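Listed below, chain by chain, are the residues.
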Amino acid sequence: MTVARWLRFQRKGLAMLHVARGVWGSKVRVLPAFLGPPRALSSLAAKMGEYRKMWNPKEPRNWAQQYREHFIPFSKQQLLRLLIQEFHSSPAEKAALEEFLAHVEFCTLFHYHEILDRLQALYDPINPDRETLHQPSLTDTQRLSNEQEVLEALEPLLIQANFSPLSEDTLAYALVVHHPQDEVQVTINLDQYVYMHFWALGQRVGQMPQKSSVGSKRGFFTRSPPAERRYFKRVVLAARTKGGHLVLKSFKDTPLEGLEQLLPELKVRTSTLQRALLNLMLIVSGLVFFVNVGMVVVSDLKVGTSLLLLFFTVFMGLRASKMFGQRRSAQALELAHMLYYRSTSNNSELLTALTLRAQDEHAKEALLARSFLARLPGGASGPPQETSKWLQSEVESWLLTQSGCEVTFNGARALAHLQALTPSIGLYPPPGFPKLDQLTSLTSEIPQATPRSDNP
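Residues numbered from 1 in each chain as written. Predicted model: local features only at pLDDT ≥ 70, side-chain atom pairs only at ≥ 80, totals over all residues. Heavy atoms only, no water.

(A) Quick peek at the packing of aromatic side chains. Per the stated rule, a full pass over the model turns up nine aromatic pairs. Pairing Tyr51 with Tyr173 gives two aromatic rings, centres 5.7 Å apart and planes at 70°, and the pair type is edge-to-face. Of this pair, Tyr51 sits in helix 4 (residues 41–53) while Tyr173 sits in helix 9 (residues 168–176), and the two are 122 residues apart along the sequence. Each of the two residues, Tyr51 as well as Tyr173, counts as buried. A ring pair is formed by Tyr67 and Phe232, whose centres lie 5.4 Å apart and whose planes are at 55°; its orientation type is tilted. With Tyr67 in the loop between helix 5 (63–66) and helix 6 (76–87) and Phe232 in strand 4 (residues 229–241), this residue pair connects regions lying 165 residues apart in the sequence. A single burial state applies to Tyr67 and to Phe232, both of which are buried. In this structure an aromatic cluster arises from ring pairing among Trp63, Tyr67 and Phe232. The ring centre of Tyr51 lies 4.7 Å from the NZ or CZ of Arg61, which sits over that ring. Positioned over the ring face of Phe100 is Arg370, at 5.6 Å from the centre of the ring. (Phe/Tyr/Trp six-rings, centres within 6.5 Å; stacked < 30°, edge-to-face > 60°. Helix = DSSP H or I, 4+ residues; strand = E, 2+ residues; numbered from the N terminus. Buried < 20%, exposed > 50% of the residue type's maximum accessible area, 1.4 Å probe, protein only. Lys NZ or Arg CZ within 6 Å of the ring centre and 35° of its normal.)

(B) Seen up close, the pattern of salt bridges. As enumerated under the stated definition, the model contains 13 salt bridges in all. For the salt bridge of Arg230 with Glu59, the shortest nitrogen-to-oxygen distance reads 3.0 Å. Taken as a pair, Arg230 in strand 4 and Glu59 in the loop between helix 4 and helix 5 lie far apart in primary sequence, 171 residues in all. With relative accessibility at 35%, the residue Glu59 sits in the partly exposed group. A salt bridge links Glu147 to Arg240, with the nearest nitrogen and oxygen atoms 2.6 Å apart. With Glu147 in helix 8 (residues 140–160) and Arg240 in strand 4, this pair connects stretches of sequence that are 93 residues apart. Note on Glu147: relative accessible area 0%, which makes it buried. (Salt bridge = Lys/Arg side-chain N within 4 Å of Asp/Glu carboxyl O.)

(C) Main features of the confidence of the model for the protein chain. Across the protein chain, the average pLDDT comes to 77, with 65% of residues at or above 70. The low-confidence segment residues 1–39, where pLDDT is below 50, has 77 contacts with residues more than four positions distant or belonging to other chains. (pLDDT = per-residue confidence, 0-100. Contact = heavy atoms within 4.5 Å.)

Structure, rendered in structure tokens:
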């Protein structure tokens, strides 16, 4: 088989065609099932009102049912080492499993590259970071329609990447409840948003990384130890403001109560405790100033009491405005530093990152299915439904033992991934497949540009 024929063979999608049909669907317009229509912000506002009436809620209602973790908390190489240590200790089995993983990665390469090309083609007309000269002129209606097409196309990619959508009830909780150790608090105006969607993976409960927290290490007078928080290793945001454009961003180590800090068009506000402490300081300092300076001015300069009170009121008002302004500026700077460390990718780069993550999760699911089905008596010859249930139960129990995380494993999808790898696609690498030279040997042969001279 020549290289050209092999590439045509892969481009036709014969290797992963029935996976694309079974998992991704012949069309991706399934917005009502996963994304839903643009979020009804009136319904969100009503649920926010319900949470405001609650006394100190600790988590969203029915959180265990609302959020299910699907992310496999190991890299491909970590997962490969764990499976070899436990199930494939012999040299022959180890080599076979390593060859299988390379085989899966090669077979999925063109499949996900084609998905990324389609996503980038859909996103290019509305890409705010385009570096090319041509800038298409779109009306707001056309731009909104294109944005919905992009979100629809992202839906199967997010599912395969094992992101879980955060419900409207969860978002209402996050917009209302603020953690007591978060000094920086923000507020948003729901009327400014057309829609907002959040997806998350990697739920953790514990102390957050230091650079990803906002004011959790510092109290107003003393230094307080960091509290245990419920946070996510990755959060994807898709939001649009009225008169704006689609914002696609990804963040790391984000607490559940801090989701609103990721939204555009927000305002920094001072918490009630901070305002009370600042006002107390102003009152005490004002009384000291009035007693020590004001009485001297009244007795020595014969200034009227009403005029002195007027000057004192103006002075304290200016001082309060300056103190609160400085406080808000410091909090805004702290929020900017926090977002700088949390941000991982945005807009067009996020599409690439999600595609690579989906490909990794695809390979890990196929690897787990292959390893565990080898231990099933009779293999995968039984009914598919029973086999997928057995696979899901075994993998979830094993992942809980190895990582301590409760993961909901999609056994049916992993079984479909494994069955798609038919022997007809050949082995990796195929005969005659080209091998690229090292980058150093290529760069040494690049011709250098001839220096220009202004003299004829």
